[in-house]
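# Structural characterization, general
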Amino acid sequence: MNLKDDRAGRLILSLRQQGVTDARVLGAMESIDRAVFVHEKFLDQAWEDQALPIDCAQTISQPYIVGLMTQALDVQPRHRVLEIGTGSGYQCAVLSRLARYVYTVERYRSLLLEAEAKLRQLEIDNVITQHSDGGLGWATQAPFDRIMVTAASPTEPTELLKQLKPGGILVAPVGKTSVQMLHRYTGQPDGSFHRESLREVRFVPLVEGTAKEG
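Just so it is clear, the structure is predicted and the values come from calculations on it, not from any experiment.

### Side note on the overall build of the chain
Within the chain one finds six helices and nine strands. Radius of gyration (C-alpha) of the chain: 16 Å, near the 17 Å computed for a compact globule of 214 residues. Taken over the C-alpha atoms alone, the chain extends approximately 50 × 40 × 35 Å along its principal axes. Across the 214 residues that make up the chain, the buried fraction comes to 48%.

### Quick notes on helix H2 (residues 23–31)
Listed in full, the buried residues belonging to H2 are Val-25, Leu-26, Ala-28 and Met-29. Along the axis of H2, the buried residues cluster in a sector spanning 160°; they form a single face. The distance from a side-chain oxygen at the start of H2 to the backbone nitrogen of Arg-24 is 2.9 Å, and the residue carrying that oxygen is Asp-22.

### Description of the pattern of salt bridges
In the structure shown here, the tally under the stated rule is seven salt bridges. As a salt-bridge pair, Asp-6 and Arg-10 come within 2.7 Å of each other at their nearest N and O atoms. In this pair, Asp-6 and Arg-10 are both assigned in helix H1 (residues 3–17), four residues apart and thus about one turn of the helix distant.

### Considerations on the environment of Leu-170
Examined against the element boundaries, Leu-170 turns out to sit in strand E7 (residues 164–174). Classification of Leu-170 as buried rests on a relative accessible area of 0%. When sequence neighbours within four positions are dropped, the list of residues in contact with Leu-170 reads Leu-73, Ile-147, Val-149, Pro-157, Leu-160, Leu-161, Leu-164, His-183, Arg-184 and Tyr-185.

### Digging into the pairing of strand E5 (residues 127–131)
Residues in a regular strand point their side chains to alternate faces of the sheet. Relative to E5, strand E4 (residues 101–106) runs parallel, the two sharing five bridges. Its bridge partner being in E5, Val-102 is matched across the sheet by Val-127. At this point the chain moves from E4, through helix H5 (residues 109–121), to the parallel E5, and the crossover so formed is right-handed.

### Some points on the pairing of strand E8 (residues 180–187)
When E7 meets E8, the two strands line up antiparallel, connected through six bridges. In the strand pairing of E8, Val-174 is matched with Met-181. Between E7 and E8, which pair antiparallel one after the other, the connecting turn spans five residues, and Gly-175 there sits at a positive phi close to 155°. With eight bridges connecting them, E8 and strand E9 (residues 193–201) associate as antiparallel partners. Looking across to E9, one finds that Gln-180 is bridged to Val-201.

### Some thoughts on the UniProt feature "active site" (unreviewed entry) in the chain
Summarizing the sequence annotation, UniProt attributes the feature "active site" (unreviewed entry) to Ser-61 in the numbering used throughout. Mapped onto the fold, Ser-61 is located in the loop between strand E2 (59–60) and helix H3 (63–73). With sequence-adjacent residues up to four places away left out, Ser-61 is seen in contact with Arg-34, Gln-50, Ala-51, Val-66 and Phe-203.

### Looking at the side chain of Gln-180
For Gln-180, the position within the fold is in strand E8. Residue Gln-180 is classed as buried on the basis of its relative accessible area, which comes to 4%. At 2.9 Å, the side chain of Gln-180 and the backbone oxygen of Thr-177 are in polar contact. A polar atom in the side chain of Gln-180 sits 2.8 Å from the backbone nitrogen of Phe-203. The residues touching Gln-180, leaving out its near neighbours within four places in the chain, are Ala-152, Pro-173, Val-174, Gly-175, Arg-199, Glu-200, Val-201, Arg-202 and Phe-203.

### Remarks on the environment of Tyr-90
Relative to the helices and strands, Tyr-90 is located in helix H4 (residues 90–96). Expressed as a C-alpha distance, the spacing of Tyr-90 and Val-38, which sit 52 residues apart in the sequence, is 8.9 Å. Those residues in contact with Tyr-90, other than ones at most four positions away along the chain, are Met-29, Ile-32, Arg-34, Phe-37, Ile-60 and Val-66.

Definitions and cut-offs
Residues numbered from 1 in each chain as written. Predicted model: local features only at pLDDT ≥ 70, side-chain atom pairs only at ≥ 80, totals over all residues. Heavy atoms only, no water. Helix = DSSP H or I, 4+ residues; strand = E, 2+ residues; numbered from the N terminus. Rg over C-alpha atoms; globule rule 2.2 N^0.38 Å. Buried < 20%, exposed > 50% of the residue type's maximum accessible area, 1.4 Å probe, protein only. Arc of directions from axis to C-beta. Polar contact = N/O pair within 3.5 Å; in protein donor to acceptor, adjacent residues only side chain to side chain. Salt bridge = Lys/Arg side-chain N within 4 Å of Asp/Glu carboxyl O. Contact = heavy atoms within 4.5 Å. Pairing = 2+ DSSP bridges. Right-handed = clockwise from strand over helix to strand, strands pointing away. UniProt positions renumbered as here; feature names shortened; annotations may be inferred.

Next up, the structure:
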């Protein structure tokens, strides 16, 4: 076993001990080399269970949070998944191992271009990307079986909930402060949603519009 495999194995064991027990989710995370998505100066921490900074004052999420949110989303092989906030592309890559297609939206064009290059490097070909305002979702491709939001929505994500299929699931951090509550919304037969609070989390805020860079 090489050093990378040893570190990956320890990380997966740690995730399992923290409650991420879905074998498909753990397998997907083990199959994606997180080092591909991490800045060179943080490569020695690529397999540590911690968030790390990326460009545009964003972060690559802590693996435990990636595992927790992915497990809560309950993605099945035929599903079309919408991800709001491509970021580094790591969460998107994990979802790509579980879903039929992943549609991902990012407000920073430079981040999206980097993520696209990394996904090509890993020969991931079932991801469709768009540079736009994530809060608006992707109405022309809706409805989706699952939606994951990787930035904190200040209020209930009503616009995104409209883009779910009946019985679909949306997982999102919600809150206006530096600490938010991770919610799972599950569609009900009458068209309403059952909301379940999973745990407190810390995400960068979901900001309206596309970013002005340069």
